[in-house]
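# Structural description and commentary
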Amino acid sequence: MHAPCCRCCMMLLCVLGLFVLHKDDICNFDVALFLQEYWKLVQADAQYEVSKAIGKYVMIIIFILGTVGNLLSFAVMVQRNMRASSTAFYMASLALADTVVLLVGCLRRWVVEMFEVDLLNESPAACYIVNFLQYWSFDVAVWILVIMTMDRVIVVTSPLKAQVYATRRRAAIALIIVLTACAGINLHFFFTTEYSDNVCTAKKKHLEFFNSIWSWIDATVYSFLPFVLLLVMNVVIIVFMGQADRRKRNMTNQFKIKRSEEQRNTINSRKLTIMLLSITCAFIILTAPSMVINILREKGQPYFNLENPKDMAKYILTRQVSRILLYLNHSINFFLYCITGSKFRRELSAMLQCLSARERHRKKTLRMSVASIAEASMTNLGYSTSFTESSP
């Protein structure tokens, strides 16, 4: 995610000193001409062309598949057999949050790449609202994943406490806290940005905040802190699951009936945990490149030597790939659920079969209605003809 200010342009302006050798030359130096020539060299580079192709053709595929998948995930998670679980409640909420991310993030970026039109610059309202929604939805999605993992840690480590703490009611309270906290963190966009000369940008008095402070706050809230928490909690879950497996292998064959019932519950819980592990691992893998690039960008040279147009093109391509991975993280959960969750697949199949049966019934009813109307019309027409022929 980027701050609304033109960060790259500011870095380019810092490079100007490398081309101005004497103070007397500064007055004669045309900044606009320099930037124009610089960007011509950047755009002529093959790496820049690859970046544009990725933005035009890959991003829209991710948006379409991700949006459809997220909506299907939500539909499955609210089914009667799924919605009793607090984890299913979180997964349904995550599907909606990911959909918002794809709408205000991925789709917006694709429009920029394809048509060179940015919704942010269309009106003052778009400037404030889209900026807020973009950052807010990113943060909400990742922190839903964090509290969902916390919920699962309780289930795995303390099954008895899970009956008290891992409930839908507490999940709803946790979700409200996350929504409110993320809104509070990103509310500043209504006060620190402005719409000036048809461009959405940071207010001059807040430039330092965006360049030096906000970039680190955003990276910490969306990347660094969730990354560490999810990594630690995943390790805890895996360790406890391994210990549980060893205990099961060491158990005797007594109380086989009771154990078989408990085993079924344990297997269902284990499968749900594996589903969760898959999406948290995907987050860690797919957001790591963006996190590394953010750190290197803050370090500046020699990591990104932007005085060279070729290096700038390489940086743009690197950012584009990391951005694609970022949006991919918000679009693949449905496919991970299908791969790792047998219960999810069954519920999805049952839901689609039910929809198909309803559609067939609707079409059959429609055909019968049309046939009935046609038959009634023909009957009325026959009566009318008979009456006419019998008249004098």
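What counts as what
- Residues numbered from 1 in each chain as written.
- Predicted model: local features only at pLDDT ≥ 70, side-chain atom pairs only at ≥ 80, totals over all residues.
- Heavy atoms only, no water.
- Disulfide = S-S within 2.5 Å.
- Helix = DSSP H or I, 4+ residues; strand = E, 2+ residues; numbered from the N terminus.
- Buried < 20%, exposed > 50% of the residue type's maximum accessible area, 1.4 Å probe, protein only.
- Axes fitted to C-alpha atoms, helices over the stretch in contact; angles between N-to-C directions.
- Parallel < 35°, antiparallel > 145°, perpendicular 65-115°, else oblique.
- Contact = heavy atoms within 4.5 Å.
- Nonpolar A, V, L, I, M, F, W, Y, C, P; charged D, E, K, R; others polar.
- Pairing = 2+ DSSP bridges.
- Phe/Tyr/Trp six-rings, centres within 6.5 Å; stacked < 30°, edge-to-face > 60°.

Here we come to the state of the cysteines. Going through the model one piece at a time under the given rule, you end up with 1 disulfide. The partner cysteine of C127 in its disulfide is C200, sulfur to sulfur 2.0 Å. Because the torsion about its S-S bond is 65°, the bridge between C127 and C200 counts as right-handed. Taken together, the residues span a long stretch of sequence, with C127 in helix 6 (residues 124-157) and C200 in strand 2 (residues 199-202) at a distance of 73 residues. Residue classification places C200 among the buried positions, given a relative accessible area of 6%.

Moving on: the packing of helix 4 (residues 46-77) against helix 13 (residues 333-340). Helix-helix packing: each pair is described by the crossing angle between the helix axes and the interaxial distance. Packing of helix 4 against helix 13 leaves a shortest axis separation of 7 Å and a crossing angle of 55°. When the axis of helix 4 is compared with that of helix 13, the two are oblique. Along the contact surface, helix 4 presents L65, G69, L72, S73 and M77, while helix 13 presents F334, F335 and Y337. Here the contact of helix 4 with helix 13 is composed, by residue class, of 6 nonpolar, 2 polar and no charged.

Turning to the pairing of strand 1 (residues 193-196), a few remarks are in order. Pairing analysis gives 4 bridges linking strand 1 to strand 2, with the strands arranged antiparallel. By the bridge assignment, S196 is partnered in strand 2 with V199. Counting the residues that bridge the hairpin from strand 1 to strand 2 gives 2 residues, and of these D197 lies at a positive phi of roughly 55°.

Given two aromatic rings, their pairing is described by the distance between the two centres and the angle made by the two planes. Tallied over the entire structure, the rule returns 18 aromatic pairs. With 4.7 Å between their ring centres and 35° between their planes, Y135 and F189 make a pair best called tilted. Of the two residues, Y135 sits in helix 6 while F189 sits in helix 9 (residues 189-192), which places them 54 residues apart along the sequence. Each member of the pair Y135 and F189 is classed as buried. Here F334 and F335 contribute two aromatic rings whose centre-to-centre distance is 5.3 Å and whose plane-to-plane angle is 80°, an arrangement assigned as edge-to-face. Judged by its relative accessible area of 9%, F334 is buried. Overall, the relative accessible area of 36% leaves F335 in the partly exposed class. Each residue in the set Y135, F189, F209, F210 and W214 is aromatic and connected to the rest through ring pairs, giving one cluster.

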